[in-house]
Amino acid sequence: MKKFKVKNTGLLPNSLKIISSCIRTVSTNASTVVRSAGASVAASIAASADDHRDQVSRVNPLKNYMDMKVWILLLLLCCNCSCSGSSRQVIKGENDVVWIVQLSDLHFSVHHPERASDFQESVTRTLSMLNPSLVLITGDLTADGKSKDHLTMKQNEQEWVEYQKTMENVITKSGLDRSIFYDLRGNHDNFGLPTAFDFFSNYSITAQLGRSQSVNTVTLQTSTRNVVFVSFDTTMSTGLRGPTNLFGHPTDQLLTDLNSHLSQWDSTSSTKITFGHFPLSFSAPTRSKNNLQQIFLNQSVTAYLCGHLHSRFGKNLKRRHQETDSSNLIQLNMHPKGTSKKVNDFWELEMGDWRKSRAIRLLAIDKGRVSFLDTDLKTGSKEILILPTYPLDSRYMLNKYKFESTEDTSHIRALVFSSAIIASVKVKIYDSSRHDMVVLEASMSKNDNLYTAPWNSEAFVDPSPSRYWLEIQAVDNNGVTVSTELMPFSLNGLRADLSWTWKEFFVMGCQWAELYYPIFWSFYLFVFTTLILPKIIISVSKKHYTYKYFKANKGVINGLTWVFAELDSIPFLWNLMLAYLLYLILCPWISGEVFSKGGHGDRGYMTYKGWVVNFDDLKSLEFIGFPDIMVIVIPHIYFVVLPAVVIIGALAAERAVYQDHVCSLSGKKRDDDGESRSKDHNVSGWMLRKWARGILVIFSLAVCWKHFKNCWALMKAYEMNPLVHFPFYSFSIPLLLAYAFLQGKKTITPFAC
């Protein structure tokens, strides 16, 4: 069905548009002299074009536009444009429907050789069956980048050799052209850069084909429209070790290049799709606070394909973005709040990992309409794959499908692929308002891999986006029968509801780079308030916030004031806690080997702002790895420090309650008749205190165990000694808890009443 011809247009200035584009690109990057020359050439072209507007396509440009010197200068400028600009590739075809395959997070590992062997066997057969126009591999090609215990993160060249060998075999056995493969660098492919550990530049397909730029474009030209795929690399230029390499870091220059690539194509006649490794929820803004989402919306991108998160967070790691007047730091559902306005929107489609899930995606563009099928190859390659391309799944609608006219609605369309000959394909439509009654059943006719069936589309226009459900069934000549999952569809652009689980919301619905500082300072606002505010209240108030006062005046404020007033009664412990909290703001937390190449020169210091590795200018330190360090900072302050503060406050409160109990018993002992009863109360009070302290001991041990695991992971990840490289981080919390228990264990006598 597809007749595509690969053509690299990077060095062929065959139109005024390309020449003008080259000159504009050179003018932004070259020296003043070259910029002036480019401007003069552009002026010469413009003047000549006005004189010979009707002859541009058939008259020799060298003879009519300029003399030999200017033409040579033009060629030099265009060559410079091609060398310094990004790679652009064009694949021409004759059909209106194209399809591509996406894979992500392969993580080929010396510890798990089955990942590469399964890939070679299953993916080769699947690609041979699908014969896609492109194969996109969106990052984390090799390596857990980890030791066998998953704690030490370094790249292993043996894994890259395995990746290269596997991909060579897949390309050869599938019969596909090497140039249609696009592999990207992920955060696990970036450890230790820029050093000899840059194995991606030696072993990846992208490097072998000379795609050396951070932004690359490939265009699938069909008979009616262009489908533009733009890849980009947002991994850090400095390859930090994990776990502080979790985020994508686009630069302002990369956004400029990306915008330039996307703006070359008219959105009305082109479908624009971008692909990278990091989800937008794990992509940091640039230094000028610009972000990828703005570019995608401004350039009317239809979809952004990515990886990174893996399937363990859920199967619906997808999010629709749309233009909004406010900052959208948190999106509670897959769809943002609806709007009746015609605003740009696009789908972010994160896919599962090959590492454990053996995930693969088939994505089709049929007359500008995007549809996809996410499946897995856990049991090997599939015998039959079916992807409906029209009507569209109403759960994944875009605004453009609602406000723009849709071409060719006279047929139901689906792509069907099989390793055997297809015997029959049928389509069924169910009406959910009539007890799932079949309201249409028809056989589909074949045109290579595209199957169609005529229908009266107007009969299925309905205000409910989930009334009608589509199912397509295919049978091959071996008797294998495969049916698609029931799919709701809408012909008027209405969207059906699709919700996240809490884990899916956690990783897709929050812009973590922007939320890091609010989360961090919220912790300090709460802790400083609970530590300092009671001290202020006590100093200005004539009231005595004791346990007796709390019993007489119960309330949240009085309770918190009483608890931390008791903590204030142990001034040394209070001062230690305050000092540790200030230390976490003002001082380095850890000192570790932040790069992979080894040696004392690679040791950096981590604060809550990021890593510092260059100390040439102490007045203006440069922090790297922000906001990636939040994976260390946030768990420590919220799951170690905050529980420790609460436990210490509870210990102080428990001590006050027991002291009140002892004092009440001392008063009763003055009554001879109540002597035996006071002994019973003393025993019961002692037992209650024992149980309370036992529970607090258990919670303290849980906090210390969590802290120990964090310290062990950091020690392995950054090759540190806890006594030398991070003693305050390692020992402060356990020592504070131990001191609080010792203070609470002191004997309380009636003389203290």
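First, a word on scope: everything that follows refers to the structure included in this document. Positions within a chain are numbered from 1, following the residues in the order the chain's sequence is written. Only residues with pLDDT of at least 70 are given local features in this predicted model, and only at 80 or more are side-chain atom pairs given and counted; all residues enter the totals for whole chains, interfaces and linings. As a rule here, side-chain values cover all heavy atoms of the structure and leave hydrogens and water aside.

On the surface, a nonpolar cluster with roughly 440 Å² of combined accessible area is contributed by Tyr605, Phe615, Leu618, Leu621 and Phe623. A run of DSSP states H or I qualifies as a helix once it reaches four residues; a run of E qualifies as a strand once it reaches two. Both are numbered from the N-terminal end. Positionally, leucine 621 belongs in the loop between β25 (610-612) and α17 (630-668). Its relative accessible area of 31% is what places leucine 621 among the partly exposed residues. For patch building, the residue pool is restricted to those with more than 30% relative accessible area and no salt bridge; the joining distance is 9 Å between like charges and 5 Å between nonpolar side chains (Val, Leu, Ile, Met, Phe, Trp, Tyr). In these tables, accessible area is a Shrake-Rupley quantity obtained with a 1.4 Å probe, and a residue counts as shielded only by the protein chains included in the view. We define a salt bridge as a contact between a side-chain nitrogen of Lys or Arg and a carboxyl oxygen of Asp or Glu at a distance within 4 Å. Only protein chains enter the accessibility calculation, which uses a 1.4 Å probe; a residue whose area is less than 20% of its type maximum is buried, one above 50% is exposed, and one in between is partly exposed.

So, on to the sheet that holds strand β15 (residues 411-418). Here four strands make up an open sheet; going across it, the order is β14-β15-β19-β18 and the pairing antiparallel. Strands at the two margins of the open sheet, each flanked by one partner only, are β14 (384-390) and β18 (445-447). Strand after strand, the sheet turns through a mean of 30° between neighbouring axes, direction not considered. What makes two strands pair is DSSP finding at least two bridges between them. Bridge count between β15 and strand β19 (residues 450-454): five bridges; the pairing is antiparallel. Opposite isoleucine 412, over in β19, you have alanine 453 as the bridge partner. Here an axis means a line fitted to C-alpha atoms, over the contact stretch when the element is a helix, while the angle between two N-to-C directions is reported on a 0 to 180 degree scale.

The next thing to look at is the sheet that holds strand β23 (residues 590-593). Here we have three strands laid out as an open sheet, ordered β23-β24-β25, and antiparallel in their pairing. Edge positions in the open sheet fall to β23 and β25, since each of these has one partner strand only. Here the average twist between neighbouring strands, direction ignored, is 35°.

For an α-helix, the turn length of 3.6 residues means that residues three or four places apart are oriented alike. Expected helix span is given by 1.5 Å per residue-to-residue step, counting one fewer step than there are residues. In a regular helix each residue adds 1.5 Å, so 18 residues correspond to 26 Å; helix α6 (residues 157-174) covers 26 Å between its end C-alpha atoms and thus fits that length. For α6, the complete set of buried residues consists of Glu159, Trp160, Tyr163, Thr166, Met167, Val170, Ile171 and Ser174. What you see down the axis of α6 is that its buried residues fit within an arc of 130°, all on one side. Residues of α6 that are exposed and angled more than 90 degrees away from the buried face: Gln158, Lys165, Thr172 and Lys173. Looking at the buried residues of α6, the elements they touch are α5 (114-130), β4 (134-137), β5 (181-183), α7 (200-203) and α8 (205-208). Here a polar contact is taken to be a pair of N or O atoms separated by no more than 3.5 Å, where protein atoms must pair a possible hydrogen donor with a possible acceptor and residues adjacent in sequence count only if both atoms sit in side chains. Measuring from the backbone nitrogen of glutamine 158 back to the side-chain oxygen at the start of α6 gives 2.9 Å, which picks out asparagine 156 as the cap. Looking one or two residues beyond α6, the residue adopting positive phi is glycine 175, at roughly 80°. What the arc measures is the spread of directions leading from the helix axis to the C-beta atoms. Working rule for contacts: check all heavy atoms of both residues, and any pair within 4.5 Å makes them a contact.

Moving on, we come to the pairing of strand β10 (residues 318-322). Taking burial as the measure, the five residues of β10 include five buried ones, the bulk of the element. Here β10 shows a buried face lined by Lys318, Arg320 and Gln322 and a second buried face lined by Arg319 and His321.

With that settled, consider the packing of helix α13 (residues 512-540) against helix α16 (residues 571-586). Two elements in contact, α13 and α16, have axes whose closest approach is 12 Å; the angle formed by their N-to-C orientations is 155°. Taken together, α13 and α16 sit at an angle that is classed as roughly antiparallel. The element α13 and its partner α16 pack so that their crossing is left-handed. From α13, Trp521, Phe523, Tyr524, Val527, Phe528, Leu531, Ile532 and Lys535 reach across to α16, where they touch Trp574, Met577, Leu578, Leu581, Leu582, Leu584 and Ile585. When residues are sorted by character, Ala, Val, Leu, Ile, Met, Phe, Trp, Tyr, Cys and Pro go into the nonpolar class, Asp, Glu, Lys and Arg into the charged class, and all the rest, Gly among them, into the polar class. For the contact of α13 with α16, the class distribution of residues is 14 nonpolar, no polar and one charged. Geometric relationships in this document are graded by angle, where less than 35 degrees denotes roughly parallel, more than 145 denotes roughly antiparallel, 65 to 115 denotes roughly perpendicular, and other angles denote oblique. For any pair of crossing helices, the crossing counts as left-handed if the nearer helix is rotated counterclockwise from the farther one by less than a right angle, and right-handed if it is rotated clockwise.

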